[in-house]
Amino acid sequence: GAVQSDNANLSKSELVMKIKSRLSKLDPVKAKEVGGVFLFNIIKGTSVYSWTLDLNQVTAYEGEPEEDPDTTFTLNEHYFKQLVTGKEDARVIMQAGRCSVTGDIMRAMKLEPYIKLG
């Protein structure tokens, strides 16, 4: 639909803002049950854009967390957009080696409802 194609054209920071507003509509109790702090390093060329999804506090923000994250994802901008717009499944992206995941992998598998905008 139109929503998916709109999201694909958004900048990384606009996508993070959408994820943040989506979090405010989700059940905070369920989010805290998943819990954890997730750092996303999104690579474009030689630059890295970092943002954090904190399910302990149920928020998202630009930059890195103060404490070490539970899980860190490193992927390029194209696959980040594919992931959050729902064009490609998170498991497919990870299994194909397009996204490096360090830390709590099992918890990372529960993230999709919180980061998918599609």
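I will try to describe carefully the structure that is included in this document. (Residues numbered from 1 in each chain as written. Predicted model: local features only at pLDDT ≥ 70, side-chain atom pairs only at ≥ 80, totals over all residues. Heavy atoms only, no water.)

## Details of the pairing of strand β2 (residues 47-54)
Part 1 of the reasoning: Judged by how many residues are buried, β2 sits mostly within the fold: six of eight residues are covered.
Part 2 of the reasoning: Here strand β1 (residues 37-44) pairs with β2 via eight bridges, running antiparallel. By the bridge assignment for β2, Phe40 is matched with Trp51.
Part 3 of the reasoning: Where β1 folds back on β2, the antiparallel hairpin that results is connected by two residues, among which Gly45 adopts a positive phi of roughly 65 degrees.
Part 4 of the reasoning: Two strands pair when backbone bridges link them, and β2 and strand β3 (residues 59-62) are joined in this way by four bridges, in the antiparallel orientation. Each residue of the ladder has a partner; that of Leu53, found in β3, is Ala60.
Part 5 of the reasoning: Counting the residues that bridge the hairpin from β2 to β3 gives four residues, and of these Val58 lies at a positive phi of roughly 55 degrees. (Buried < 20%, exposed > 50% of the residue type's maximum accessible area, 1.4 Å probe, protein only. Helix = DSSP H or I, 4+ residues; strand = E, 2+ residues; numbered from the N terminus. Pairing = 2+ DSSP bridges.)

## Some thoughts on the environment of Ala108
Part 1 of the reasoning: Secondary-structure assignment places Ala108 in helix α6 (residues 105-108).
Part 2 of the reasoning: Judged by relative accessible area, Ala108 falls into the buried class, the value being 4%.
Part 3 of the reasoning: Sequence separation between Ala108 and Phe73 is 35 residues, and the spatial gap between their C-alpha atoms is 8.9 Å.
Part 4 of the reasoning: Those residues in contact with Ala108, other than ones at most four positions away along the chain, are Phe38, Thr71, Phe73 and Val101. (Contact = heavy atoms within 4.5 Å.)

## Some thoughts on the sheet that holds β2
Within a beta sheet, neighbouring strands are joined by backbone hydrogen bonds and run either parallel or antiparallel to one another.
Part 1 of the reasoning: Here five strands make up an open sheet; going across it, the order is β3-β2-β1-β4-β5 and the pairing mixed. The two strands at the open ends of the sheet, each matched to only one other strand, are β3 and β5 (99-103). Direction aside, the axes of adjacent strands within the sheet are offset by 15 degrees on average.
Part 2 of the reasoning: Note that strand β4 (residues 71-76) and β5 share five bridges and pair antiparallel. (Axes fitted to C-alpha atoms, helices over the stretch in contact; angles between N-to-C directions.)

## Considerations on helix α2 (residues 12-23)
Part 1 of the reasoning: Under the 1.5 Å per step criterion, the end-to-end length of α2 is 17 Å for twelve residues, consistent within 8% with the ideal 16 Å.
Part 2 of the reasoning: By the burial criterion, the buried members of α2 are Lys12, Leu15, Val16, Ile19 and Leu23. All buried residues of α2 fall inside an arc of 100 degrees around its axis, so they share one side. (Expected span 1.5 Å × (residues − 1). Arc of directions from axis to C-beta.)

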